[in-house]
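Now for the letters of each chain:
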Amino acid sequence: MTAHFHPSDQLLSWGRVIREPHLVARPRFTDEIDGLLSAFTADAPGLAVGLRRSYGDSNLNPDGRVIDMSGLDRLISLDLETGIVRAEAGASLSQLLQVLTPAGWFLPTTPGTRFVTLGGAIANDVHGKNHHVAGTFGNSVSRLKLRRTDGSGQELTPGDPLFHATVGGLGLTGLIEWVEFSAVRIPSTDIIGEDASFEHVSEYFALAAEKKDAFEHTMAWVDCSKGGSRLGRGIFSFANWAPHGELKPHREEPRKRMPIDAPEFALNGLTVRAFNSIRHDLKSMNHGPYRQHYEPFLYPLDAIANWNKLYGASGFYQYQCVLPPETALDGTIELLRTIVMSGQGSPLAVLKDFGDHAPVGLLSFPRPGTTLAVDFRNRGEDTLKLMAKLDQIVASAGGRLYPAKDGRIPAHLFQSMFPKLQDFRGYVDPGLSSAFWRRVSA
Amino acid sequence: MTNDNKKAPSNRVVILGALSAIAIATARIYAKEGAAIMLVARNPERLNALAADLRARGAAQVETAAMDLEAAANEAAKHMADWKTRLGGISHVHVIYGYLGTQEKASSDPAELTRITSSNYTTAIHWCEATANIFRAQKSGSLVVVSSVAGDRGRQSNYAYGAAKGAIALYTQGLAHSLAGTGARAVAVKPGFVDTPMTDGMKKGGAMWASPEKVAAILRRAADKGGPIQYAPGRWRLVMTIIRSVPSPIFHKTKL
């Protein structure tokens, strides 16, 4: 059978702030793509989306057409000698890990959720805890097939200008049909990690610098509820793959599920402070190295399906920025001060230092420096005002925001943060667009 | 490019109607177990794409046969014998193909009514018989046929489909009886609402909708154990018991 577009009012991004109707088609086979793409025009542009883990509006096309790629999830070839994988763009990282890990392979890098598609990983040029070693997902892609709404299709390799527009290109340069990338060898599916607590964010930078050469995975949890001498206190985690051990994939299904939206009071300032405090006490008591499966280490939130409902029915924003090394310390302190003063911070603030890899894509987010990610429950105007303040700090520090997380950055700021935007425009498929693109390209 | 699995296959499985969402999810379960799988459906390119996927996911062997299962049903025995040779035996057969159609069209267009009945019942029984004859002779094997909860009570919205799906369940139940004591089994599985391309366009979501993966897990388990009529998920047994017991004067006031 052939897929058609059907009206749906259930297409949400991960932040669940925007609720608009879409026309959605769910193809199961790649031979359906051409017919669906032919409905996309410059006057009524469409968009291909994956598992919709982007938080804001880069994966939404309100009142327009959307191709849900998650049914195009077939492995095309898998070479267990070389680790070269070719798969349709709708395949999730979770599915790929099921196949790769028993044979001693892993993804070159992975974001904090395994429920993203390969196409989404390319379109957002995702990064992970090992960015300082591996770069972004785009660094491991050797070939991809792109289909355009004019009916053309081409295979792209690194070096092709359209390849570098497509990596990090937010799905705007064409529909990614399949992707070929190189997996990496792992000696076991366990990691050996350690935690170090720090009492002030300024100590984070020394820790990150000290651990980056010896550890593949690094990141820090930061408490957004304390100011003064305890501003940005947190836990720095660093880990490597265990050199010996079994090769066991993760459990595919999440353990728990958020059946309904949490009530508004569930995540108020008080709970956030209690949560952070407990996490802090627990973790500072445990100083020895620990061994655990990759799943809880790399994907702690995937254990709860729909954890995004924790933020209640009005949804939430995630704010993620990166500041260059020169301004990272002062800028991060200022960002955290502003967040602490607002009382709106969530328990889920993360700090991570990026490596020096040159960006693969024209719009790739990672650059050398320090990235901060914080969730804010949507309280309407107050939240937007807070994020506008943070924007000013980021802009004057010479930083940039992550399009995958953004749902409201003004066009002039986006344009100043991504200097290659002008080049990028030339590669956009006129039949494709998103709410994000209409906003920032105006 | 593909990894040839040298181990003996865990099972030797024939899937009729291999390109539906439920069939793909079922085939992936068998692939992960290391089974040898015969995929049968109309579209050869799609079959090849699925075969490559299943090999990469661990299937010991994947074969394809592109054919119109309705047209080929009169030669079911010949095809089954051929597939048995290609797989080196058959342990499980899943009959998954079917056609939903619409009642409105079936009521006015004889071709639609014939297609619904043929796809879901009158051709399917030939594949069931061919399978049962092989299983009876080898004294082992599981036949799992996809029926539907729509087959439990005639309803104005889809009684053509419901009648055919009800009939195939009854036929399978009879086969199960005839196979009793031989070592072979037959099971009809009745899914409720499943979120597949076949049902796109319906309003979805909520506790009564199951994923194809969930239904596939039940089909896979039905090949190993359980009675001749199973519901997917199991709570539909209670729901349909209630729906069957609503007296007609009341039922006729509904638009179900």
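Preceding block: the structure.
Keep in mind that what you see is a predicted model, and the values were worked out from it rather than measured.

A. Spatial organisation of the overall build of chain A. Of the regular secondary structure elements, chain A holds 13 helices and 21 strands. A buried classification covers 53% of the 442 residues belonging to chain A.

B. Summary view of the overall build of chain B. Along the backbone of chain B there are 10 helices and nine strands. Relative to its length of 256 residues, chain B is compact, with a C-alpha radius of gyration of 18 Å against a globular reference of 18 Å. When its C-alpha atoms are laid out on the principal axes, chain B stretches across 60 × 40 × 35 Å. The buried share of chain B, reckoned over its 256 residues, is 47%. Sequence separation of at least 24 residues holds for 67% of the intrachain contacts in chain B that already meet a minimum separation of 6.

C. Focus on the interface of chain A and chain B. The partner chain B presents 17 residues to the 16 residues of chain A that form the contact. When residues in the side of chain A that touches chain B are grouped by element, the largest group, five residues, is from strand β5 (residues 75-79) of chain A.

D. Molecular detail of unusual backbone geometry. Note the cis peptide between B:A232 and B:P233, where omega equals -10°. Its location among the elements puts B:P233 in the loop between β9 (229-232) and α9 (236-245). Phi is positive for A:R16, which is not a glycine, with a value near 60°. Looking at the element boundaries, A:R16 is found in the loop between β1 (6-8) and β2 (22-25). For A:D125, which is not glycine, the phi dihedral falls at a positive 35°. Assignment of secondary structure puts A:D125 in the loop between α3 (118-123) and α4 (131-134).

E. Broad picture of the pairing of strand β10 (residues 175-182) of chain A. Residue and element names in this part refer to chain A. With respect to burial, β10 is a largely interior element, six of its eight residues being buried. As defined by bridge partners, strand β6 (residues 84-88) adjoins β10 across five bridges and the pair is classed as antiparallel. Directly across from V85, in β10, lies its bridge partner F181.

F. Just the packing of helix α6 (residues 124-138) of chain B against helix α7 (residues 159-179) of chain B, in detail. Residues and elements named next belong to chain B. Interaxial distance between α6 and α7 falls to 11 Å at its minimum, and their mutual angle equals 15°. The orientation of α6 relative to α7 falls into the category roughly parallel. Classified by chirality, the crossing of α7 by α6 is right-handed. Contact residues: α6 offers A124, I125, C128, A132, F135 and R136, while α7 offers I168, Y171, T172, L175 and L179. Looking at the contact of α6 with α7, its residues break down into nine nonpolar, one polar and one charged.

G. Geometry of the sheet that holds strand β4 (residues 92-95) of chain B. All names here are of chain B. In space, the seven strands of this open sheet follow the order β3-β2-β1-β4-β5-β6-β9, with parallel pairing throughout. The strands lining the two open edges of the sheet, one partner per strand, are β3 (61-66) and β9. Averaged over all neighbouring strand pairs, the angle between strand axes comes to 20°, with direction disregarded. Sheet analysis places strand β1 (residues 12-16) next to β4, joined by four bridges and oriented parallel. Within β4, the position partnered with V13 by the bridge is H92.

H. Region of the structure containing the pairing of strand β14 (residues 234-241) of chain A. Residue and element names in this part refer to chain A. In terms of burial, β14 is a largely internal element, six of the eight residues being buried. Of the strand pairs in this sheet, strand β12 (residues 190-198) and β14 are connected by eight bridges, and their pairing is antiparallel. In the sheet register, S197 faces β14, and the bridge partner there is I235. Bridging between strand β13 (residues 217-222) and β14 involves six bridges; their strand directions are antiparallel. Directly across from A220, in β14, lies its bridge partner F236.

I. Quick look at the nonpolar core. Counting 118 residues, the largest nonpolar core has A:A87, A:L96, A:I122 and A:V179 as its most contacted members. The greatest single-element share of this core, amounting to six residues, is contributed by strand β18 (residues 316-323) of chain A. When neighbours within four sequence positions are excluded, A:V179 is seen to be in contact with A:A87, A:A89, A:L118, A:G119, A:I122, A:V141 and A:L144. Grouped together as the second largest cluster of nonpolar side chains are 81 residues, B:A51, B:A73, B:I90 and B:I116 included.

J. Layout of the sheet that holds strand β20 (residues 369-377) of chain A. Residue and element names in this part refer to chain A. Read across the sheet, eight strands follow the order β16-β12-β14-β13-β19-β20-β18-β21 without closing on themselves; strand pairing throughout is antiparallel. Bordering the open sheet on either side are β16 (290-293) and β21 (400-401), each of which pairs with just one other strand. With two bridges connecting them, β18 and β21 associate as antiparallel partners. For V322, the partnering residue across the bridge sits in β21 and is R400.

K. Broad picture of α7(B). Residue and element names in this part refer to chain B. Its 21 residues place the ends of α7 30 Å apart at the C-alpha level, agreeing with the 30 Å of an ideal helix rising 1.5 Å per residue. Among the residues of α7, A160, Y161, G162, A164, K165, G166, I168, A169, T172, L175 and L179 are the ones counted as buried. If you follow the buried residues of α7, they end up packed against α4 (103-108), α5 (110-122), α6, β5 (141-146), β6 (184-191) and β9. Positive phi appears at G181, one or two residues downstream of α7, with a value of about 85°.

Definitions and cut-offs
- Residues numbered from 1 in each chain as written.
- Chains lettered and ligands numbered in written order.
- Predicted model: local features only at pLDDT ≥ 70, side-chain atom pairs only at ≥ 80, totals over all residues.
- Helix = DSSP H or I, 4+ residues; strand = E, 2+ residues; numbered from the N terminus.
- Buried ≥ 20, exposed ≤ 12 C-beta atoms within 10 Å, placed from the backbone.
- Rg over C-alpha atoms; globule rule 2.2 N^0.38 Å.
- Contact = placed C-beta atoms within 7 Å.
- Pairing = 2+ DSSP bridges.
- Axes fitted to C-alpha atoms, helices over the stretch in contact; angles between N-to-C directions.
- Parallel < 35°, antiparallel > 145°, perpendicular 65-115°, else oblique.
- Left-handed = near helix turned anticlockwise from the far one by under 90°.
- Nonpolar A, V, L, I, M, F, W, Y, C, P; charged D, E, K, R; others polar.
- Core = buried A, V, L, I, M, F, W, Y, C linked by C-beta atoms within 7 Å.
- Expected span 1.5 Å × (residues − 1).

The values are spatial; any link to function lies outside them.
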